[in-house]
Every structure is written in structure tokens, then in C-alpha cells.
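# Working through the structure, step by step
Residue strings, one per chain:
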Amino acid sequence: MNGSNRLQRALNFTEEGGVPYDLGATTVSSISKIAYKKAMEHRNIPPQYEDMDTFDPIQQIVQPSEENFSILGVDTCRIGPPRISTGRPVESKAEPGKWEIQDQFGCDWVFQAAEDHYYNMTSSPLKGYDSISEGLAQYTFPDFNLERETVLSHFDKQFSSVTDRGIVIDRNCAGITEVAFRIRGYEEFFMDLALDPSGAVALMEKILEYKIDYWSAVGEYLNRQESSSKVLVAVECDDLGTQSSLLFSPTMMREMVMPLQEKLIAHVKKCIPNTKLFYHSDGAIKELIPDLIEMGVDILNPVQFTAEGMQPEELKREFGKDLVFWGGGVDTQNTLPKASPEVVKDEVKRNIDTLAPGGGFVFAAVHNIQADVPPENFWAMWETLMLYR
């Protein structure tokens, strides 16, 4: 059975074929360059990967080569744009080893090669304004139509090398609220949500427009592709939770944020019918899961079971007939980087035993595998999955 078939069966709640394995199908289910190189070298496997700067330099994550995907038994395949559509990082002439990039929203990011594992955001274009409305009057939003040809050229290259793995169409940028926080500044946007809700919504609506233009282009592109029928999943996201609660009040979330999410999800499903809608949100979001199901979400990621109320047993029992769980395979905050290989194996087996019965489970770590994960723990995770999938 090939990866596409295995993924399709799991998405349709069928156990036959085993648990699919995802590594790199999205920018939230990949692996850092450092962890990947260490893991491959640990087993004398050449650590081949696609050019990181055209995938996601910000998170310093990689897409393994096709050869390495085959070695690892990965069942998924990413089709999607680079995280930063405005260019590649540039090294500072004044400070060698300091790399800088500005994203399409005008946010600046910096990476110090000697000390950082990923880029850190250093500026927000609307941070200095007294009100969000004043800032919006001066701010020029990115126009996806100016990026369209560059983005679709990535699609051409990716589709030309499509294999028998399940195809996943990834998003073009972070979530609606995530981008709003970055453009306005985190403290300022939290204040805007309370003091200037109409301005906060206006900012989020512009981000929604940018996303809608992207998905419209994707839908038009796929209509011209013979292999478009192989596309199984479309990915969207927003980080709506903390470790212990929603990011802000449920009332505010439902009045200001969820209507925009619903419009986005409906548009994606209209542009790419017959695909499953994958939705990523970290944190303690159990309270919102019924809302997500009602608005058309088919797949929940990353299943952060260390967050409040996100225990796998309860999630599977309450939502396992309506949602596919993509993630939740192993904790990336503590278990993978800090525990022994034996503890990693126990956790992976326990989560497979909980989430796999009845289908509706795609194995991935809880978010990207970070740079501090020892190679022994990566392989402990992988071996256990291969044994019990």
C-alpha cells in the first residue's frame, strides 16, 4: 500500500493499511535542520534536504529529500509556497553571521547564526501608531496577485516530482490572528481587541482577503492539473490557545475571530472541493473544537496533549467520529528533547494505542521537531511508530 492510499484510508476513518506518518507536509509538522542532520548522521544516512531558504527560513525547518522520505517511510507530500514570499535572507555586511529578512507584511526578522535556532521578529510595522485605525490608514497590505507567479512556479516544480505519497496543499502565511499580532505588535493588538474592536476586526479582515486571494489562485491552478485529484488535504491555521486557556475570552473569540475563520474555511472548501480541511492551533482549545467542527474542519493539528483539557483519551472519545487527529504522536516540549529513549517509546506507543483505533489518526509529533532533540530520541520515536503502526 502506498502513502497516498494509507493517508486516504486514515482520513476516511479506516484502520486498514496502518497509521500514516507525516514529516514535512506542513510548516507545523516538520523538523529543524539541526535535529534532522543529527538524526540522519546518527545512522550514516546522508542528510539531504530541499533548500531551506525557499521553504521556511524563519523556523529553520527542512523538507527531507525524496530519497530520505522513502527511507523514513513518510506518507505525505507538501505542495505549497515558501514561508517568506518576498525573498531570501541576507547576511549583514556590518555583522557577519547575522542574517536578516523582511516578510511580505513588513515585519523584520533576525537570525544570529552563533546563538539562535530560528529567526526572531524584531519589528512590527503598525506598532508605533496610537490607534490601529490610524496605522491602517498608512499601511499598504501585500497584494497576493504580485506574488502569484512566483508562488505558482513553486507549485509547478513540486507537482513535477509528485510521487505516490498523499498530497497536502499548505497555506501561504500564518493565521489571521497570528499575522495581526505581528503587524500591530502583541501588546498593542491585545489592547485593540478590547479598546478598538472595530479596528482589530478591520485588520484581520485584510489578512483574510490576502488568504482568500491565495486560495482562489490555488483552486484555479489545480483545475489545470491532471494530478489535482491526488490532493487530499488543504491546510489552514491560527494559534488560538495558550498552555492553559484560550488566547483571549471565548466570547471575544466567537464574536471577532471565528466568523472570519468560518469564511476562510468555506472559501478553501469551495476552491478545492473533495479535500479534507486541516486546521492547526496549538494550546488549550478544547472549548472551540465543536465550533471548528461545525464550520467544516475535518482534521485537527497538532493535538497538543500537554495543554489543559487536551488529553488524547478525552479528545478521541468526544470528537473521534468527527475529527481526524493529525499529530499528538509525541510531545516536543519535554519528552522528545529531555526524556530517555525508553520514555519516548512508551509515550509514542500509548498515543498510538489511544488515537489510532477506528482510523482517523495521522502520526506526527506535536509541532515541528526542534533543534534540541537528540538523535537517539528521534529514532526511538520512529522505530516505535514503525513497530506499532
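Details of the structure are given in the entry above.
Residues numbered from 1 in each chain as written. Predicted model: local features only at pLDDT ≥ 70, side-chain atom pairs only at ≥ 80, totals over all residues. Heavy atoms only, no water.

Below, the discussion takes up the nonpolar core. Ranked by internal contacts, the top residues of the largest apolar core, which has 106 residues, are Tyr21, Ile169, Ile369, Phe378 and Met381. When residues of this core are assigned to their parent elements, the largest contribution, 12 residues, is made by helix H8 (residues 197-222). Leaving out residues up to four positions away in the same chain, Met381 has contacts with Tyr21, Val330, Leu336, Val344, Val348, Phe363 and Ile369. Ranked by size, the runner-up nonpolar core spans 14 residues in total, among them Leu7, Val28, Phe278 and Trp326. (Core = buried A, V, L, I, M, F, W, Y, C linked by side-chain atoms within 4.5 Å. Buried < 20%, exposed > 50% of the residue type's maximum accessible area, 1.4 Å probe, protein only. Helix = DSSP H or I, 4+ residues; strand = E, 2+ residues; numbered from the N terminus. Contact = heavy atoms within 4.5 Å.)

A separate point is unusual backbone geometry. A cis amide bond, omega 5 degrees, links Asn301 with the succeeding residue Pro302. As for its placement among the helices and strands, Pro302 is situated in the loop between strand E11 (299-301) and helix H11 (312-319). Positive phi outside glycine occurs at Asn44, with the angle close to 60 degrees. Positive phi values are uncommon outside glycine, yet Gln60 reaches one of about 55 degrees. Along the chain, Gln60 falls in the loop between helix H2 (33-42) and strand E2 (61-62). On the basis of relative accessible area, Gln60 is assigned to the buried category, the value being 7%.

One pass over the full model with this rule turns up 3 cavities of 30 Å³ or more. In this structure, the largest cavity occupies an estimated 90 Å³ of space. Lining the largest cavity are Ile58, Arg83, Ile84, Asp103, Gln104, Phe105, Trp109, Asn172, Cys173, Ala174, Val179 and Arg182. A class-by-class count of the residues in the lining of the largest cavity yields 7 nonpolar, 2 polar and 3 charged. Volume-wise, the second largest cavity comes out at about 60 Å³. Along the walls of the second largest cavity sit Thr27, Arg78, Pro81, Pro82, Arg83, Asp170, Arg171, Asn172, Cys173 and Ala174, which together make up its complete lining. Residues of the lining of the second largest cavity, tallied by class, amount to 4 nonpolar, 2 polar and 4 charged. (1 Å grid on protein atoms, 1.4 Å probe; cavity = no way out; pocket = protein on both sides within 12 Å on 5 of 7 lines; lining within 4 Å. Points joined across faces, edges and corners; volume = space filled by probe spheres on them. Nonpolar A, V, L, I, M, F, W, Y, C, P; charged D, E, K, R; others polar.)

With that settled, the discussion passes to the pattern of salt bridges. Oppositely charged side chains can form a pair if their charged atoms are brought close together. Enumeration over the complete set of coordinates arrives at 23 salt bridges. A salt bridge links Lys98 to Glu100; its shortest N-O distance comes to 3.8 Å. Judged by relative accessible area, which is 34%, Glu100 ranks as partly exposed. (Salt bridge = Lys/Arg side-chain N within 4 Å of Asp/Glu carboxyl O.)

It is at 9 Å that the axes of H11 and helix H13 (residues 341-355) come closest, and there the two elements cross at 15 degrees. Between H11 and H13, the interaxial angle falls into the category roughly parallel. The two elements H11 and H13 meet at a crossing, and its hand is right-handed. Residues Pro312, Glu313 and Lys316 of H11 form the contact with H13, whose own contacting residues are Asn351, Thr354 and Leu355. Tallied by class, the residues present in the contact of H11 with H13 amount to 2 nonpolar, 2 polar and 2 charged. (Axes fitted to C-alpha atoms, helices over the stretch in contact; angles between N-to-C directions. Parallel < 35°, antiparallel > 145°, perpendicular 65-115°, else oblique. Left-handed = near helix turned anticlockwise from the far one by under 90°.)

Here we take up the sheet that holds strand E10 (residues 276-280). On the basis of which strands lie adjacent, the open sheet formed by 7 strands has the order E3-E8-E9-E10-E11-E12-E13 and parallel pairing. Taken across any chain shown, the strands that pair with only one partner, and hence form the sheet edges, are strand E3 (76-79) and strand E13 (361-362). With 5 bridges connecting them, strand E9 (residues 231-237) and E10 associate as parallel partners. Looking at E10, one finds that Val233 is bridged to Lys276. Running at roughly 170 degrees to E9, H8 makes contact with strand E8 (166-169) and E9 of the sheet. (Pairing = 2+ DSSP bridges.)

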